[in-house]
Amino acid sequence: MSDKAILKIGDKEVELPIIRGTLGDPAIDITRLRDLTGHVAYDPSLANTAICKSAITFVDGERGILRYRGIPIDQFIEKPNFVEVAWLLIFGRLPTKEELSRFSAKLTENELLHEGLRLQYQHMPVDAPPMAILSAMLNNLACFHQQLLWVGDEESLEAAAARLISKVRTIAAFAYRRSQGLPFIYPDPHLRYCANFLHMMFSLPYKQYIVSPEVEDALNLLFILHADHEQNCSTMTVRTVGSARANLFASCAAGVCALWGPLHGGANVEVMDMLERIHAGGLTPEECIRMAKDKTNPFRLYGFGHRIYKNYDPRARILKDTCEKVFAQLKVQDPLLDIARKLEELALSDPYFIERRLYPNVDFYSGILLRAIGIPKNMFTVCFAIGRLPGWIAQWREQHEDPTSRIVRPRQVYIGPVEAKYVPMSERTAAT
Ligand code: ACO
C-alpha cells in the first residue's frame, strides 16, 4: 500500500506522507500543507484530525473496542483496582507489587489538604457547583506545591501525579460536605482509595460509614471505565493548555472545565434529570424520543451518541451489566433503571437512531450506578473527573516527552470585513 497521498490543487500536485500506527486509521501528514500549497486544512471540530501520536489508549468505535496500553477494558472487570490502572496509564505498564505499594503509600501521604486550601471552602457559596470548586481547587494546588510546577523527571512526575490523584478525592468530598452543611471528614490512611473517598463523603464525626465490598468494587470499576478515552474534548483541552508548557495542575483544572459541559461528562447529570422527569410523570419515554428527533428542539437524548463509537460503547455495556449485578447484591431496586432500559429499547429500534448509529455511551448508565451506591447527582460529573484524572496526567506526560510537540495554535478561515475604519464615538450609529 502506498505511503504517500497525492493532493492536486489546480495544476499543482503535492505528495503528502501517510503515517500508520500499530492499529486504527492511517493519517495523511499535513504538517507541511501550507508550505507546499499555500492552503490550510478546514476541520472545525477536528473530527478528521489526529492531533498527536499516542501509545496510551486505543478505541475502535466501529467494533466497540477500548484498550488501555493494549489491555482490553473487560480485563479490569473481575478485580477492579483503580490505582493500578492509574499507574498503568501514566507509566506505560502494569506496576510490580513494590511499585504499586510505593505509589499507594504516596497517595496516603498526600491525602490531606493544606489548611490554606481547606479554609478556602468557607468562602465558597454553599450551593456552589462542585465542578467549579474542583477546577478552582486543582488549579489552587499549584500555589501549595510550587516545587512541582516544573515536572522534568519520572520522580517529580510521580510526586505530582500522587498529589493530584490523592487530593482530588478530598477536594471532591469536601465540596459535597460543604454543600450539605456537614463537617469535613478527614481521610483515613487505613482505607483503600475508593473506600477512603466514600468515608470522606458519608462518615459522620460520631459514626464511621461502613463501605461494603460491592460498593467499593463498583466505584473502582466506574473510575477505571472513565480513566482514559484518547483524544476526547477534556483531554484535548489538557493537551492544549499543556502545549503552552503550562503546569500539570493548571492543565488538569482546564480539563475539569471542559468535562463539565453537558455534551461531554456533564451528560451523566442530564441523563438523570431526564430519567427523573419521566419517572415523575412530566414526560413519557416516547415523548423523549420524539423530542430528541425534532431538529427544531435543542433537546438531545443524553447518554446517546458518540463522535467515535458507531456501535455500543463498551463502557456502557459494562456499566449496564454492573448495574444489574450491584442492584442484586445490594438488594435494591430503582425504577429509573427500568426507564433507562425502555428508552434504550425505543431508541435502538427507531430508524432515526439506527441510521445515525447512535448507541448508549458511558454516561447513560453511570448515573444509575452512582445513585445506587449513594452518590448524589451533583457529584456525578465530579466522579467522572476523579476517574479521568490519570488519563489526563498520562496524556500530559506523553505530550511533554514528545520532542516534536509544539504549542497548539490552529489556523482559521477569516470571514470578517476585509478592512474597516475606526469611527469616532460622536459619529457612530448602530449601523456603523
Ligand atoms: N440525540 C439526538 N440526536 C443525536 C444525538 C442524541 N443524543 N447524538 C447525535 N445526534 C444526531 C445529530 O443531531 C446528528 O443528526 P443529523 O445528522 O441529522 O444532523 C447525528 O446524530 C450525528 O451526530 P454526530 O455528528 O455523530 O454527533 P457529534 O459527534 O457531533 O456529537 C455527541 C457527539 C456530542 C456525543 C452527541 O452524540 C450528543 O450530543 N449526545 C448527547 C450528549 C452526550 O451523551 N454526551 C456524552 C458523550 S460521551 C462523553 O463525552 C463522555
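See above for the structure.
Everything numeric here is computed off the predicted structure, so don't read it as measured data.

As for its position among the elements, Ile71 is in strand 6 (residues 71-72). Along the chain, Ile71 and Val332 lie 261 residues apart, while their C-alpha atoms are 33 Å from each other. Those residues in contact with Ile71 that sit more than four places away from it in its chain are Leu66, Phe76, Leu88 and Leu94.

Next up on the list: the site of the ligand. Around the ligand, a shell composed of 22 residues is seen, among which His264, Arg300, Leu301, Gly303 and Arg307 lie nearest. Within the side chain of Arg300, an N or O atom sits 2.5 Å from an oxygen atom of the ligand. The fraction of the free accessible surface of the ligand (920 Å²) that becomes covered by protein chains is 76%. Of all elements in the fold, only helix 15 (351-356) and helix 16 (362-372) reach the threshold of two or more residues within the shell around the ligand. Here the residues of the shell around the ligand are counted per class, giving 11 nonpolar, five polar and six charged.

Here we come to the pattern of salt bridges. Taken as a whole and assessed by the stated rule, the structure comprises 21 salt bridges. Where Glu99 meets Arg93, a salt bridge forms, and the shortest distance between an N and an O atom there is 2.7 Å. Of the residues examined, Glu99 reaches a relative accessible area of 15% and is grouped as buried. Of the charged contacts in the structure, one is a salt bridge between Glu111 and Arg169, with a shortest N-O distance of 3.9 Å. Taken together, the positions of Glu111 in the loop between helix 3 (97-109) and helix 4 (115-120) and Arg169 in helix 6 (residues 154-179) put the pair 58 residues apart, joining distant regions of the chain. Just as Glu111 is buried, Arg169 falls in that class too. In this structure, a network of salt bridges that share partners links the residues Asp273, Glu276, Asp334, Arg371 and Lys377.

Parameters and conventions
Residues numbered from 1 in each chain as written. Predicted model: local features only at pLDDT ≥ 70, side-chain atom pairs only at ≥ 80, totals over all residues. Heavy atoms only, no water. Helix = DSSP H or I, 4+ residues; strand = E, 2+ residues; numbered from the N terminus. Contact = heavy atoms within 4.5 Å. Near = heavy atom within 4 Å. Polar contact = N/O pair within 3.5 Å; in protein donor to acceptor, adjacent residues only side chain to side chain. Areas by Shrake-Rupley, 256 points an atom, 1.4 Å probe, with all protein chains shown as cover. Nonpolar A, V, L, I, M, F, W, Y, C, P; charged D, E, K, R; others polar. Salt bridge = Lys/Arg side-chain N within 4 Å of Asp/Glu carboxyl O. Buried < 20%, exposed > 50% of the residue type's maximum accessible area, 1.4 Å probe, protein only.

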